[in-house]
Amino acid sequence: MVQTPYAPAVANVHAALQRIGARDAQVRAWLHVDDTGALAAARALDAGEPGPLHGICVGVKDVIAVAGMPLTHNSPLFSGFVPAEDAPCVATLRAAGAVILGKTDTTEFAAAGRNAASANPHDFARTPGGSSAGSAAAVADGHVPLALATQTGGSTIRPASFCGIHGFNRLRKKALALMWHC
């Protein structure tokens, strides 16, 4: 799926939702997809002035707060928790015109515990690697062109490598990271 800031946001969201519907049963990249909210956000964006990321669909690792979406850290301890505000990185993406599509799978607390259920989209028997597995799998399989990830050890660079996409993180620990496919 190719998305550009020049395409209508609604078209990008429909394309992403169609791809997720066709493939996520095998890839399992997503813990939560907000199709209704994403379409409403896309309609609002298309009715206004386009920003630099107009209509680009983004996945967010489930350790980053997105207003109105579950924030579980892939742990039963946070079941039912829904933040009222976006994390600053999410707010910045929204302000630039991106559409937050949902929350991607992660290892419990992005560290240890329950593993992410995501599969590598190039071979379902293999792991996408690391705690940003859902973000990497979603990008590599064409669900979204961009996803937020985090890295304490190799949680961004390993899944990006395993899935054949680009991963970037700042050099400090616990840095916010991006994954994308060209």
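Before reading on, note that the structure itself is shown above.
Everything in this summary refers to the structure shown in the same document.

Cut-off values and rules
Residues numbered from 1 in each chain as written. Predicted model: local features only at pLDDT ≥ 70, side-chain atom pairs only at ≥ 80, totals over all residues. Heavy atoms only, no water. Helix = DSSP H or I, 4+ residues; strand = E, 2+ residues; numbered from the N terminus. Buried < 20%, exposed > 50% of the residue type's maximum accessible area, 1.4 Å probe, protein only. Contact = heavy atoms within 4.5 Å. Areas by Shrake-Rupley, 256 points an atom, 1.4 Å probe, with all protein chains shown as cover. Phe/Tyr/Trp six-rings, centres within 6.5 Å; stacked < 30°, edge-to-face > 60°. Salt bridge = Lys/Arg side-chain N within 4 Å of Asp/Glu carboxyl O. Core = buried A, V, L, I, M, F, W, Y, C linked by side-chain atoms within 4.5 Å. Expected span 1.5 Å × (residues − 1). Arc of directions from axis to C-beta. Axes fitted to C-alpha atoms, helices over the stretch in contact; angles between N-to-C directions. Parallel < 35°, antiparallel > 145°, perpendicular 65-115°, else oblique. Left-handed = near helix turned anticlockwise from the far one by under 90°.

1. As for the overall build of the chain
Reasoning step 1: Secondary structure assignment for the chain yields five helices and six strands.
Reasoning step 2: Going from the N terminus to the C terminus, the chain shows its helices and strands as α-β-α-β-α-β-α-β-α-β-β.
Reasoning step 3: Looking at the 182 residues of the chain, the share that counts as buried comes to 50%.
Reasoning step 4: For the chain, restricting intrachain contacts to residue pairs at least 6 apart in sequence, the fraction spanning at least 24 positions comes to 68%.
Reasoning step 5: Accessible area for the chain stands at about 8400 Å²; split by element, carbon and sulfur atoms hold 59% of it.

2. A short note on the packing of aromatic side chains
Reasoning step 1: Following the criterion strictly, the structure yields two aromatic pairs and no others.
Reasoning step 2: Taken together, a centroid distance of 6.2 Å and an interplanar angle of 75 degrees make the contact between Phe78 and Phe81 edge-to-face.
Reasoning step 3: You can call Phe78 partly exposed: its relative accessible area is 30%.
Reasoning step 4: Look at Phe81 and you get partly exposed, because its relative accessible area is 38%.
Reasoning step 5: Ring geometry for Phe78 against Phe109: centres 6.0 Å apart, planes inclined by 75 degrees, an arrangement best described as edge-to-face. With Phe78 in the loop between strand E2 (57-61) and helix H3 (88-95) and Phe109 in the loop between strand E3 (99-104) and helix H4 (133-140), this residue pair connects regions lying 31 residues apart in the sequence.
Reasoning step 6: By way of ring pairs, the aromatic residues Phe78, Phe81 and Phe109 are connected into one cluster.

3. Some points on the pattern of salt bridges
Reasoning step 1: Applying the stated criterion across every chain, the model contains five salt bridges.
Reasoning step 2: The salt bridge partner of Arg94 is Asp86, with a shortest N-O separation of 2.6 Å.
Reasoning step 3: You can call Arg94 partly exposed: its relative accessible area is 30%.
Reasoning step 4: Sharing partners across several salt bridges, the network here consists of Arg19, Arg23 and Asp141.

4. Re the nonpolar core
Reasoning step 1: With 25 residues, the main nonpolar core has Val13, Trp30, Leu101 and Val144 as its most contacted residues.
Reasoning step 2: Within the residue set of this core, elements represented by two or more residues are helix H1 (9-27), helix H2 (35-47), E3, H4 and helix H5 (157-163).
Reasoning step 3: Ranked by the residues each element gives to this core, the list is headed by H1, at six residues.
Reasoning step 4: Val60, Ile64, Leu71 and Leu146 belong to the second largest nonpolar core, which has 16 residues in total.

5. Focus: H2
Reasoning step 1: With 13 residues, H2 ought to run about 18 Å at 1.5 Å a step, and its terminal C-alpha atoms sit 18 Å apart, in line with that.
Reasoning step 2: Looking at H2, one finds that the buried residues are Ala38, Leu39, Ala42 and Leu45. Looking straight down H2, one finds its buried side chains confined to an arc of 125 degrees; they lie on one side. With respect to the buried face of H2, the exposed residues turned more than 90 degrees away are Thr36, Ala44 and Ala47.
Reasoning step 3: In this structure, the buried side of H2 is in contact with H1 and E3.

6. Section: the environment of Ala11
Reasoning step 1: As for its placement among the helices and strands, Ala11 is situated in helix H1.
Reasoning step 2: The sequence separation of Ala11 and Asp46 amounts to 35 residues, and the corresponding C-alpha distance is 10.0 Å.

7. Thoughts on the packing of H1 against H2
Reasoning step 1: As a packed pair, H1 and H2 sit with axes 7 Å apart at the nearest point and diverge in direction by 160 degrees. The orientation of H1 relative to H2 falls into the category roughly antiparallel. Note that H1 runs across H2; the crossing there is right-handed. Side by side, H1 and H2 meet where Ala9, Val10, Val13, His14 and Leu17 of the first sit next to Asp35, Ala38, Leu39, Ala42, Arg43, Leu45 and Asp46 of the second.

8. Things to note about unusual backbone geometry
Reasoning step 1: One non-glycine residue, Arg28, adopts positive backbone phi at about 55 degrees.
Reasoning step 2: Looking at the secondary structure, you find Arg28 in the loop between H1 and strand E1 (30-33).
Reasoning step 3: A relative accessible area of 36% means that Arg28 is categorised as partly exposed.
Reasoning step 4: One non-glycine residue, Ala110, lies in positive phi territory at about 55 degrees.
Reasoning step 5: With respect to the element layout, Ala110 can be found in the loop between E3 and H4.

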